[in-house]
Amino acid sequence: MQSALRITTKVLPGDKVEIKLPPGSVGEEVEVFVILPEKPKPGRRRVLEFIEEIRSRHASRTVEEIDRELQAERNSWDS
């Protein structure tokens, strides 16, 4: 039966990885898989996703309320 060993380690300076195996492994051939973590893409969000997010934050505001707030802001400019 083939055995597997899962080890989590950090990348060392010089982009090196050190793996310590159990005793009795000297001279054996092993396979090593390195799985790099996914990095979040700094990509752009879709416009519709952005609009939906904004709407969800202010779902209770009506068009009339927004118009009143905008007009009050405009009126404050003249003061």
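Procedures and definitions
Note on numbering: residues in each chain are counted from 1, in written sequence order. Residue-level local features of this predicted model are given only where pLDDT is at least 70; pairs of side-chain atoms are given and counted only at 80 or more, and the full residue set underlies all totals for whole chains, interfaces and linings. Note that water and hydrogens are dropped before the side-chain values are worked out from all heavy atoms of the structure. Under the DSSP-based scheme used, a helix requires at least four consecutive residues in state H or I and a strand at least two consecutive residues in state E, with every element numbered from the N terminus. Computation of the radius of gyration draws on C-alpha atoms, with the globule rule given as 2.2 Å multiplied by the number of residues to the power 0.38. Exposure classes here rest on a 1.4 Å probe applied to the protein chains alone. A residue is buried below 20% of its type maximum, exposed above 50%, and partly exposed in between. For the area figures, the Shrake-Rupley method with a 1.4 Å probe applies, and any residue is considered shielded solely by the protein chains shown. His residues and chain termini do not enter the charge count, which takes Lys and Arg as positive and Asp and Glu as negative. By convention, the charge on Lys lies at NZ, on Arg at CZ, on Asp at CG and on Glu at CD.

**Digging into the overall build of the protein chain**
The helix and strand tally for the protein chain stands at 2 helices and 0 strands. For 79 residues, the compact-globule estimate of 2.2 N^0.38 gives 12 Å, and the protein chain exceeds it by more than 25% at 29 Å. Taken along the three principal axes of its C-alpha coordinates, the protein chain extends 85 × 30 × 20 Å. Scored against the burial criterion, the 79 residues of the protein chain give a buried share of 0%. If you sum the accessible surface of the protein chain, you get close to 8900 Å²; carbon and sulfur atoms cover 55% of it. One finds the centroid of the 14 positive side-chain charges in the protein chain at a distance of 2 Å from the centroid of its 15 negative side-chain charges.

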